[in-house]
Amino acid sequence: MFEGEAIGLNAMYNTKSVRVPRPFKYGPLPTGGSFIIMEFIEFGSSRGNQSILGKRLAEMHKAGKSEKGFGFDVDNTIGSTPQTNSWSSDWIVFYSEHRLGYQLKLALKRFGDSEIYEKGQQLIKKMQPLFEAAVIEPCLLHGDLWSGNISTDKNGDPVILDPACYYGHNEAEFGMSWCAGFGGSFYSSYFEVMPKQPGFENRKDLYMLYHYLNHYNLFGYGYRSSAMSIIDSYLRML
Ligand SMILES: Nc1ncnc2c1ncn2[C@@H]1O[C@H](COP(=O)(O)OP(=O)(O)OP(=O)(O)O)[C@@H](O)[C@H]1O
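Small disclaimer: the values here were computed from a predicted structure and weren't measured. (Residues numbered from 1 in each chain as written. Predicted model: local features only at pLDDT ≥ 70, side-chain atom pairs only at ≥ 80, totals over all residues. Heavy atoms only, no water.)

## Points about the overall build of the protein chain
No. 1: When its secondary structure is counted, the protein chain shows seven helices and eight strands.
No. 2: For a compact globule of 238 residues, the expected C-alpha radius of gyration is about 18 Å, and the protein chain comes in at 18 Å, within 12% of that figure.
No. 3: Pairs at least 24 residues apart make up 70% of the contacts formed inside the protein chain by residues separated by at least 6 positions.
No. 4: Only carbon and sulfur atoms are counted for the fraction: they give 52% of the accessible area of the protein chain, which is about 11200 Å².
No. 5: Treating the 23 positive side-chain charges of the protein chain as one cloud and the 25 negative ones as another, the clouds have centres 1 Å apart. (Helix = DSSP H or I, 4+ residues; strand = E, 2+ residues; numbered from the N terminus. Rg over C-alpha atoms; globule rule 2.2 N^0.38 Å. Contact = heavy atoms within 4.5 Å. Areas by Shrake-Rupley, 256 points an atom, 1.4 Å probe, with all protein chains shown as cover. Lys, Arg positive; Asp, Glu negative; His and termini not counted. Charge placed at Lys NZ, Arg CZ, Asp CG, Glu CD.)

Structure (structure tokens):
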């Protein structure tokens with residue numbers, strides 16, 4: 001887990017865009033368990049400027065390019081759920097197998113939820129048209145961007161931490177936006193640097209679905225209806 005975190009922090013740090021703690025070292029502890037050492041950032045008291053966060057995040061997405069396609073050099077975790085990052089040249093294949101498909105299988109295994117599994121698999125088979133006309137390039141994503149992982153430093157500059165990095169479609173970064181409180185100024189600054197792609201609005205829920213499914217698998221039944229209603233409304237639309 002700490003190896004994934006350190007490699008992710010380092011990749012974000014190297015983009016010289018949004019501030020992240022610089023990782024120094026990670027490894028096993030002789031007494032069991034493991035450690036990570038990173039730069040200590042003294043946090044400021046303000047909530048930070050949404051417009052600057054949007055701009056810096058977009059700069060990170062723009063600068064963090066991958067020649068290996070979609071994925072990451074190391075698997076990591078989303079919450080405590082394993083997140084597989086095997087490289088793929090095709091975003092739809094990657095998102096189907098390693099994101100939605102993985103969580104659907106987990107729901108089947110954990111809760112015996114064959115209804116969500118079957119309907120989710122139908123959505124995966126039908127979702128191709130949602131991506132038509134969009135240019136999808138691998139961008140470095142934080143991967144778990146919600147308000148608990150966003151802060152500011154003493155100068156009021158945004159800081160993001162505790163990532164689940166991989167190279168993916170930039171829009172997938174907004175999959176946790178239901179817990180992030182991004183406002184209009186965040187999105188307008190973001191899209192000035194990373195222009196909005198055709199079909200963005202229709203893909204928003206698809207990217208939230210991964211995180212709702214993960215919350216269902218981590219925290220239980222309370223999140224099932226959110227995931228299910230996203231799947232049902234796509235199945236009606238497609
Ligand atoms: N580099 C840092 N410098 C200063 N404070 C930090 C740093 N990294 C983390 N913190 C503080 O520790 C808190 C927990 O960090 P982090 O989210 O990485 O840990 P976690 O164990 O994954 O926690 P959670 O499970 O609650 O997300 C942060 O919200 C922040 O207050």
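## Some thoughts on the site of the ligand
No. 1: If you check the shell around the ligand, you find Pro21, Met38, Glu39, Phe40, Ile41, Phe43, Asn149, Leu161 and Asp162 and nothing else.
No. 2: Here a nitrogen atom of the ligand and a backbone polar atom of Ile41 are 2.9 Å apart.
No. 3: Side-chain polar atom of Asp162 to an oxygen atom of the ligand: 2.9 Å apart, as the coordinates give it.
No. 4: Contact with the protein chains covers 47% of the free accessible surface of the ligand, which is 610 Å².
No. 5: Along the lines of polarity and charge, the residues of the shell around the ligand split into six nonpolar, one polar and two charged. (Near = heavy atom within 4 Å. Polar contact = N/O pair within 3.5 Å; in protein donor to acceptor, adjacent residues only side chain to side chain. Nonpolar A, V, L, I, M, F, W, Y, C, P; charged D, E, K, R; others polar.)

## A closer look at the packing of helix H3 (residues 91–111) against helix H4 (residues 114–126)
No. 1: The contact between H3 and H4 brings their axes to 8 Å, and the two run at 165°. By the angle class used here, H3 and H4 are roughly antiparallel. The interaxial crossing formed by H3 with H4 has left-handed handedness. Of H4, the residues touching H3 (which contributes Ser96, Leu100, Gly101, Leu104, Lys105, Ala107 and Leu108) are Ser114, Ile116, Tyr117, Gly120, Gln121 and Ile124.
No. 2: Residues that form the contact of H3 with H4 fall into these classes: seven nonpolar, five polar and one charged. (Axes fitted to C-alpha atoms, helices over the stretch in contact; angles between N-to-C directions. Parallel < 35°, antiparallel > 145°, perpendicular 65-115°, else oblique. Left-handed = near helix turned anticlockwise from the far one by under 90°.)

## Quick look at the environment of Ser226
No. 1: Here Ser226 shows up in helix H7 (residues 224–237).
No. 2: Its relative accessible area of 23% is what places Ser226 among the partly exposed residues.
No. 3: Put simply, Ser226 and Leu213 are 13 residues apart on the chain and 8.6 Å apart in space, counted from C-alpha to C-alpha. (Buried < 20%, exposed > 50% of the residue type's maximum accessible area, 1.4 Å probe, protein only.)

## Describing the environment of Gln122
No. 1: With respect to the secondary-structure elements, Gln122 resides in helix H4.
No. 2: Between the alpha carbons of Gln122 and Gln103 there is a distance of 14 Å; along the sequence they are 19 residues apart.

## A few points about the nonpolar core
In a soluble, globular protein the nonpolar side chains are often hidden away together inside.
No. 1: Counting 61 residues, the largest nonpolar core has Trp91, Leu100, Met127, Ile160 and Leu206 as the members making the most contacts within it.
No. 2: At nine residues, helix H6 (residues 200–219) tops the list of elements feeding residues into this core. (Core = buried A, V, L, I, M, F, W, Y, C linked by side-chain atoms within 4.5 Å.)

## Comments concerning the packing of aromatic side chains
Two aromatic rings, taken as a pair, are described by how far apart their centres are and by the angle between their planes.
No. 1: Taken as a whole, this structure holds 24 aromatic pairs when the rule is applied.
No. 2: Taken together, a centroid distance of 6.4 Å and an interplanar angle of 80° make the contact between Phe174 and Phe182 edge-to-face.
No. 3: A relative accessible area of 3% means that Phe174 is categorised as buried.
No. 4: Here the aromatic cluster, defined as three or more aromatic residues joined through ring pairs, consists of Phe174, Phe182, Phe186, Tyr187, Tyr190, Phe191 and Phe200.
No. 5: One Lys or Arg, Arg99, reaches over the ring of Tyr166 and ends 4.1 Å from the middle of that ring. (Phe/Tyr/Trp six-rings, centres within 6.5 Å; stacked < 30°, edge-to-face > 60°. Lys NZ or Arg CZ within 6 Å of the ring centre and 35° of its normal.)

In short, geometric facts, not functional conclusions.
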